[in-house]
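Fold and contact review
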Amino acid sequence: MSFPVAGAGVIGSGPARLFRRVLLLLVVSTLVTVGLAGPALAHTTLIGSDPADGAVLTAAPTTVTLTFDDPLADFEPVLTVTGPDGVTYQSGSPTVDGTRLSNAVNALPVAGTYTVAYRVVSDDGHPVEGTLSFTLAAQAIAPAPAPATSTGTSPAAGSSTAAGATTPSSAATSTVSSTAASAVSSTAGTTSTDSVAPAGNSSTGWSAWQWLLVVLFVALAFLATLVVRRRMEASARARSGERN
């Protein structure tokens, strides 16, 4: 006849109860880690722009402004405006004001689609980049003035009848044409040395505190496993002693 060993049920249930507690601790730790890391992984996002993405404009903008859902870090922001002719037309450096990134724009002499590329750093230290575009209608471009023409050789116009002499009206026309040509050449030849951010909207890397959460979770898991193992070994030694 066999008799139950006193306390065997209590000893046997001890490790199982401890294991359930440790398992519950691991589940709670996992939920807390995911809950804290979730908001951090949702980096700042572009929520608006002026001009709006895809807009068709009848007047050239003088400034481009981008609005994000979270504050931006004022760390080497980039904003470029590239025309259909491949020339960039942003003027100076972009400025950060809370959730807004803006940059002045030079005169836009060409009708067509302009691409706005940006690269910013969110408040949590992650870079975010992307592109948008707007279209400048043909009527937004002011037509070039027609060259002046002479309708006669009236003496009142101040023309000279001497051979090889140049009339004052011809000299004025030549000066205006040269000035206009120089202005157009200067505008077309101006390019920006700012780098254009690649297309798309992306972010990379984890912040230091996210890695700290992961390390903390792994340490808790290791500690819990060690405690359970020692408790189970102690329980096994106790049962072995009772049998002896």
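Procedures and definitions
- Residues numbered from 1 in each chain as written.
- Predicted model: local features only at pLDDT ≥ 70, side-chain atom pairs only at ≥ 80, totals over all residues.
- Heavy atoms only, no water.
- Pairing = 2+ DSSP bridges.
- Helix = DSSP H or I, 4+ residues; strand = E, 2+ residues; numbered from the N terminus.
- Axes fitted to C-alpha atoms, helices over the stretch in contact; angles between N-to-C directions.
- Patch = residues over 30% accessible without salt bridge, like charges linked within 9 Å, V, L, I, M, F, W, Y side chains within 5 Å.
- Areas by Shrake-Rupley, 256 points an atom, 1.4 Å probe, with all protein chains shown as cover.
- Salt bridge = Lys/Arg side-chain N within 4 Å of Asp/Glu carboxyl O.
- Lys, Arg positive; Asp, Glu negative; His and termini not counted.
- Charge placed at Lys NZ, Arg CZ, Asp CG, Glu CD.
- Buried < 20%, exposed > 50% of the residue type's maximum accessible area, 1.4 Å probe, protein only.
- Core = buried A, V, L, I, M, F, W, Y, C linked by side-chain atoms within 4.5 Å.
- Phe/Tyr/Trp six-rings, centres within 6.5 Å; stacked < 30°, edge-to-face > 60°.
- pLDDT = per-residue confidence, 0-100.
- Contact = heavy atoms within 4.5 Å.

**A look at the sheet that holds strand E5 (residues 90-97)**
- With antiparallel pairing, the four strands of this open sheet are ordered in space as E1-E3-E6-E5. The open sheet terminates on both sides in strands that have one partner only, identified here as strand E1 (46-50) and E5. Ignoring strand direction, the axes of neighbouring strands in this sheet form an average angle of 15 degrees.
- Where strand E3 (residues 63-68) and strand E6 (residues 100-105) come together, five bridges link them in antiparallel fashion. Note that in E6 the partner of Leu66 across the bridge is Leu101.

**Considerations on a negative patch on the surface**
- Taken together, the side chains of Asp69, Asp70, Asp123 and Asp124 make up a negatively charged region of the molecular surface.
- Within the element layout of this structure, Asp70 appears in the loop between E3 and strand E4 (72-82).
- A relative accessible area of 31% means that Asp70 is categorised as partly exposed.

**Quick notes on the sheet that holds strand E7 (residues 112-122)**
- Spatial strand order, E2-E8-E7-E4: four strands in an open sheet with mixed pairing. Taken across any chain shown, the strands that pair with only one partner, and hence form the sheet edges, are strand E2 (56-57) and E4.
- Across seven bridges, the pairing between E4 and E7 is antiparallel. Paired with Val81 across the two strands is Val116, which belongs to E7.

**So, the side chain of Ser122**
- By the secondary structure assignment, Ser122 is in strand E7.
- With a relative accessible area of 2%, Ser122 lands in the buried category.

**Section: the nonpolar core**
- Counting 22 residues, the largest nonpolar core has Leu66, Val81 and Leu101 as its most contacted members.
- Where this core is concerned, the elements lending two or more residues are E3, E4, E6, E7 and strand E8 (127-136).

**Points about the packing of aromatic side chains**
- Within the structure shown, the criterion is met by three aromatic pairs.
- Summarising the aromatic geometry, the rings of Tyr89 and Tyr114 are spaced 6.0 Å apart at their centres and angled 65 degrees between planes, so their arrangement reads as edge-to-face. Here Tyr89 is found in the loop between E4 and E5, whereas its partner Tyr114 is found in strand E7, with 25 residues between them in sequence.
- Look at Tyr114 and Phe134: their rings are 5.6 Å apart centre to centre, the planes differ by 10 degrees, and that puts the pair in the stacked class. Here Tyr114 is found in strand E7, whereas its partner Phe134 is found in strand E8, with 20 residues between them in sequence. As far as burial versus exposure is concerned, Tyr114 and Phe134 are alike and both buried.
- Taken together through their ring pairs, the aromatic side chains of Tyr89, Tyr114 and Phe134 make up a single cluster.

**Some points on the pairing of E5**
- As paired strands, E5 and E6 are joined by five bridges and run antiparallel to one another. From the neighbouring strand, Gln90 faces E6, where its bridge partner is Val105.
- Between E5 and E6, which pair antiparallel one after the other, the connecting turn spans two residues, and Gly98 there sits at a positive phi close to 70 degrees.

**Digging into the confidence of the model for the protein**
- For the protein, per-residue confidence averages 73 on the pLDDT scale, and 58% of positions sit at 70 or higher.
- The least confident element of the protein, judged by mean pLDDT, is helix H2 (residues 168-188) at 43; the most confident is E3 at 98.
- Confidence over residues 1-12 falls short of pLDDT 50; this stretch has six contacts with residues more than four positions distant or in other chains.
- Here residues 152-204 is modelled with pLDDT under 50, and outside its nearest four sequence neighbours on either side it reaches 49 contacts, counting other chains as well.

**Section: the pattern of salt bridges**
- Summed over all chains, the structure comprises two salt bridges.
- The closest approach of N and O atoms between Arg119 and Glu129, which form a salt bridge, is 3.8 Å. Linking Arg119 in strand E7 with Glu129 in strand E8, this pair joins segments that are ten residues apart in sequence.
- According to the relative accessible area criterion, Arg119 is partly exposed, its value standing at 31%.
- The salt bridge partner of Arg229 is Glu233, with a shortest N-O separation of 3.4 Å. Remark: Glu233 and Arg229 occur in helix H3 (residues 208-243); sequence separation between them is four residues, near one turn of the helix.

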